[in-house]
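# Per-entry structural report
What follows is the residue order along each chain.
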Amino acid sequence: MVQSDSILSVRDLKKTYTKGLFKRERFEALRGIDLEVGRGSVFGLLGPNGAGKTTLIKVLLGLLPSWKGEAQVFGMAPKNPASRRRIGYLPEAHRMPEYLTGWQVMILFGMMTGRSKAEIEERAPALMQRLGIWKDAHRKVRGYSKGMQQRLGLAQSLIHNPDLLFLDEPTDGVDPRGRKAIRVLIEELRDQGMTIFINSHLLQEVELICDRVVIMHQGQILRQGTVDELIGDAERVSFVLENSNEQLNAALHAFGQAHRTEPKGISAEMDDEQANAAIDCIRKSGARIREVRRDRKTLEDVFIELIEEDRQ
Amino acid sequence: MNRNTIRALLADARYQVFDNVVFRILLVVAALIVALSFCVSFGEEDISIFFGKWVLSYEQFGGLVRSSSDPRGSTVQIVQSTVVELIAGTFGIMLCIAATAFFTPRLLEKGSADNIFSKPVGRFTLLLSRYFAGIFFVAVLSFLMVFGVQAGLSIMSGYNDWGFLWSAATLVYTYAILQAFSVMVATLARNSVASILLTMILFMFTGCANSSWVGLEWADQTGVTQMMRENAQAAEDEGESAEAEAEANKKSEGEAAFDLIRSIAYACRSVLPRTGDADMLARMLRRSIEGRQPDVVITEGDAPVLHLVSNQRKFEFTGGGLEELDGDGLVWMLTSEGGGTIRITRELRPKREPSKSGKIRDKSSRDLIRELRDRIIEEHGQIAILRSPGDHRGRRIDWRVAGRPPLPLRSCVLITKDDHLYTLMAELPAGALPSDWDYEEEEDEEEAATAPPDLESEEEADEGGEEYESSDILNLDPVQDFMLGASFATDPSMANAEVWYESKFDWDAEWDFNAFVSIGTSLAFTLLMLFISFLRLRRTDF
């Protein structure tokens, strides 16, 4: 049974899309997902295209009516519209009604969550100012640039001060300044106790913002935990070499792990002792060391490694 | 769903409608029509355009103006019908379908749907909000146009016809049915073009199915096909030769094809919404408010009062029952110049000889008027016939009685309704010939033989022995109206299929002509469409 004290919990969630006249074409988008999310954290949802990230969010928002397993949001089934009262959502590639102005979007979408007009009117200006769209508030949405629409989408998802926020590619189409503003805003919201789900391909951003990360692939969760838990302590040492050859590359595979052949050398996870031994080996082979670089592993590294492993 | 959500959805519908370009164009068109109604003044005698810049008399419109006693009312009604039934009811509705059909598909498009359906509002509620947005679109235009035109007529012409306001409601009613279908297509196809095209096709197809059924039913019930059947039967009876048999078979096949087409039309009409009935409903609701202003009211003590409405399809008795017409019937003395009488009698409808198949059918008014014509010719001679059965579709006959001129006139109208035959017999004094009591030219040779003589020609003077002076002609317009109105009334086969259908269409009519059934089946269709939409939407992945 799903625990009811968490904001969001999912057990063995499965979703299969069907296509064709007789629904013969089937695609398993989620293959038994288990997830428990408490209050006040920023969750990064990572995965390659088709991993099932958006599907998972859509199930939780009631946008996909048929699925198997258990899912609860605020203790309610996602089908129940009331479960969405405390949720904000910024969809990927969303489209705001073009016949509305930015201000009308804020008011109407806010009121659709059940809040009063006065309450929304009080909150909207600050949010729009914060996201840099206040001066265009009374322009029709059809005249907004992509970045402005994205910021408006984010603003409307926050208008009712939700407890849970799903952001699907929140910085898509936003310039670097806007991206930073969004990042700062997310951090502030987290500090205020809001639970935020971020689905993004910009792993550096996720690494910067998220407390916890879930990595998905082919409808399954490959790994989840805090960013530090995922990255671990291991560091990557990169050697930029001259006169390298295949023999040397093969010899270097004896030191460390997760070797990666690079255009001008090789890199691998190794400790100090292994790095020194590797340097000795290179020198003995007659190759010249142009550069030795020690990098901390990034989330991107972890992500790519996990996906590659899963593919193999 | 709380009050704020409902307010938001209503506001969303309003913004969507007012932002629509087609809506704005139609709003301008409606405003122009309203403005025109303020530029034309329909007076008692003539029509003044642009505050007297041009003045037209009703006579200039000739046959378009149907009632000689109320040309203004008649003309205004033609204008109203054109505005509501043709401009708004056909072209307007089609434009509105095109302009609003994308409301629902756009809601369901990827990107928009995620935004809207992730709000704490039920899916069906959101769908209904789009459905009502379309209705709001049409309602604004309809009410603006109809109320505006009514205001124009009321202020400029002093013509108050409050029943006309019902037209706005029936326009919305028609659109609401079509919009439900449009929404259903949109939820299934999630495509604006499909929604527009299929809804247009439905609109045209329902109109065609309804008109076809009405036309075929009218032909069947008013004797057109009956004649066809009888001819086939006669050919069969007489058909000893192979040719006659082949002819009979051909006709029999024709009849079978007719029945098949009629059955298909009936099936379509039964299944599909009756959008075509909206005009009938508007007219009926209109009558319920304005009532009918009788042109002729004849009273005699406590006896029934006969109301005759010229140019309309009914005459009705109040105060007494129709059984008072049995036997000698009721006779009214005309108090107009020259006097005269009108007698109305009722009797059981005579039957025909049994057909070969053993069926006994009632005689039609056409049969009966032919029999009467034969009797008149036998008694007074061919030349006595002023209006032959070929005229006026065979239900009315006028003749002069034999004797010395000036010869009295007789006019007889036979009306068959249900099991009864009603006879209206006007006995008019000599010289009673209304100025506009026109005679239609006969078209075929047989009818030409019985063509009425031109009373003002030399030939007529020779035959009749005396030429009528125009001063001798009495104004018997009311009598003419009476006879024409009556003949139109309960024997609608005198008119066309639409008039026939309108005469039958009523709140308490039989199933196929019942207004409640029409509304009920159309609403059932609407609800079914919305229910299918709901089922589809419930299972839709966004």
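Residues numbered from 1 in each chain as written. Chains lettered and ligands numbered in written order. Predicted model: local features only at pLDDT ≥ 70, side-chain atom pairs only at ≥ 80, totals over all residues. Heavy atoms only, no water.

## Details of the packing of aromatic side chains
Applying the stated rule across the entire model yields 21 aromatic pairs over all chains. Ring geometry for W103 of chain A versus W134 of chain A: centroids 5.9 Å apart, planes at 70 degrees, classification edge-to-face. One end of the pair, W103 of chain A, is in helix α2 (residues 102-112); the other, W134 of chain A, is in the loop between α3 (117-130) and α4 (146-158), and 31 residues separate them in sequence. Assessed through its relative accessible area of 32%, W134 of chain A is described here as partly exposed. Their ring planes at 45 degrees and their centres at 5.6 Å tell us that W213 of chain B and F513 of chain B sit as a pair that is tilted. Linking W213 of chain B in helix α8 (residues 192-221) with F513 of chain B in the loop between α16 (497-504) and α17 (515-538), this pair joins segments that are 300 residues apart in sequence. An aromatic cluster is present here, built from F18, F23, F102, F103, F136 and F137 of chain B joined pairwise through their rings. We note R14 of chain B situated over the ring of Y15 of chain B; from NZ or CZ to the ring centre the distance is 5.2 Å. (Phe/Tyr/Trp six-rings, centres within 6.5 Å; stacked < 30°, edge-to-face > 60°. Helix = DSSP H or I, 4+ residues; strand = E, 2+ residues; numbered from the N terminus. Buried < 20%, exposed > 50% of the residue type's maximum accessible area, 1.4 Å probe, protein only. Lys NZ or Arg CZ within 6 Å of the ring centre and 35° of its normal.)

## What to know about the pattern of salt bridges
In total, this model carries 27 salt bridges over all chains according to the counting rule given. Salt-bridge contacts for E242 of chain A lead to R290 of chain A; the nearest nitrogen and oxygen are separated by 2.5 Å. With E242 of chain A in strand β10 (residues 235-242) and R290 of chain A in strand β13 (residues 288-296), the pair connects residues that are 48 residues apart, well separated along the chain. Residue classification places E242 of chain A among the partly exposed positions, given a relative accessible area of 27%. For R290 of chain A, a relative accessible area of 57% gives the class exposed. Put simply, K363 of chain B and E371 of chain B hold a salt bridge, and the shortest N to O gap is 2.7 Å. (Salt bridge = Lys/Arg side-chain N within 4 Å of Asp/Glu carboxyl O.)

## Some words on the interface of chain B and chain A
The partner chain A presents 34 residues to the 33 residues of chain B that form the contact. Buried area between chain B and chain A, both sides added, is near 2900 Å², and the carbon and sulfur share of it is 52%. Summed over the three residues of chain B that lose the most area to chain A, namely N115, K119 and P120 of chain B, the buried surface amounts to 21% of that side. Residue D541 of chain B pairs with K15 of chain A through a salt bridge whose shortest N-O separation is 3.1 Å. Viewed at the interface, chain A and chain B are joined by 17 residue pairs in polar contact (both at pLDDT 80 or more). Elements with a minimum of two residues in the side of chain B that touches chain A: α1 (3-18), α5 (112-117) and α6 (123-157) of chain B. Of all the elements, α1 of chain B adds the most residues to the side of chain B that touches chain A, at nine residues. Considering only residue class, the side of chain B that touches chain A consists of 10 nonpolar, 10 polar and 13 charged. (Contact = heavy atoms within 4.5 Å. Buried area = accessible area lost by both parts, 1.4 Å probe. Polar contact = N/O pair within 3.5 Å; in protein donor to acceptor, adjacent residues only side chain to side chain. Nonpolar A, V, L, I, M, F, W, Y, C, P; charged D, E, K, R; others polar.)

## Quick look at the environment of F143 of chain B
Residue and element names in this part refer to chain B. Counting through the fold element by element, F143 comes out in helix α6. Sequence-wise, F143 and W166 are 23 residues apart; in three dimensions their C-alpha atoms are separated by 9.5 Å. Once residues within four sequence positions are removed from consideration, F143 is found in contact with G148, A168, A169 and V172.

## Looking at a positive patch on the surface
Taken together, the side chains of K23 and K79 of chain A together with K110, R190, R536, R538 and R539 of chain B present a region of like positive charge at the surface. Turning to its location among the elements, K79 of chain A is positioned in the loop between β4 (68-73) and β5 (87-90). Its relative accessible area of 60% is what places K79 of chain A among the exposed residues. (Patch = residues over 30% accessible without salt bridge, like charges linked within 9 Å, V, L, I, M, F, W, Y side chains within 5 Å. Areas by Shrake-Rupley, 256 points an atom, 1.4 Å probe, with all protein chains shown as cover. Lys, Arg positive; Asp, Glu negative; His and termini not counted. Charge placed at Lys NZ, Arg CZ, Asp CG, Glu CD.)

## Things to note about the pairing of strand β3 (residues 54-57) of chain B
Residues and elements named next belong to chain B. With four bridges connecting them, strand β2 (residues 46-49) and β3 associate as antiparallel partners. The partner of S48 across the bridge, within β3, is V55. As consecutive antiparallel partners, β2 and β3 are separated by four residues, and within that stretch F50 has a phi angle of approximately 50 degrees, a positive value. (Pairing = 2+ DSSP bridges.)

## Some points on the nonpolar core
In this structure, L8, L35 and F166 of chain A together with F117 and F137 of chain B are the most contacted members of the largest nonpolar core, which totals 149 residues. If one sorts the elements of this core by residue count, helix α7 (residues 166-189) of chain B sits on top with 11 residues. Formed by 20 residues, the second largest nonpolar core is a distinct cluster that contains F42, I47, V83 and V146 of chain B. (Core = buried A, V, L, I, M, F, W, Y, C linked by side-chain atoms within 4.5 Å.)

## Topic: the sheet that holds strand β3 (residues 42-46) of chain A
All names here are of chain A. The sheet built from six strands is open, its strands ordered β5-β6-β7-β3-β8-β9 with mixed pairing. Looking along the sheet, the strands with just one partner apiece sit at the ends: β5 and β9 (220-226). When the angles between neighbouring strand axes are averaged without regard to direction, this sheet yields 15 degrees. Sheet analysis places strand β8 (residues 212-217) next to β9, joined by six bridges and oriented antiparallel. In the strand pairing of β9, H217 is matched with Q220. (Axes fitted to C-alpha atoms, helices over the stretch in contact; angles between N-to-C directions.)

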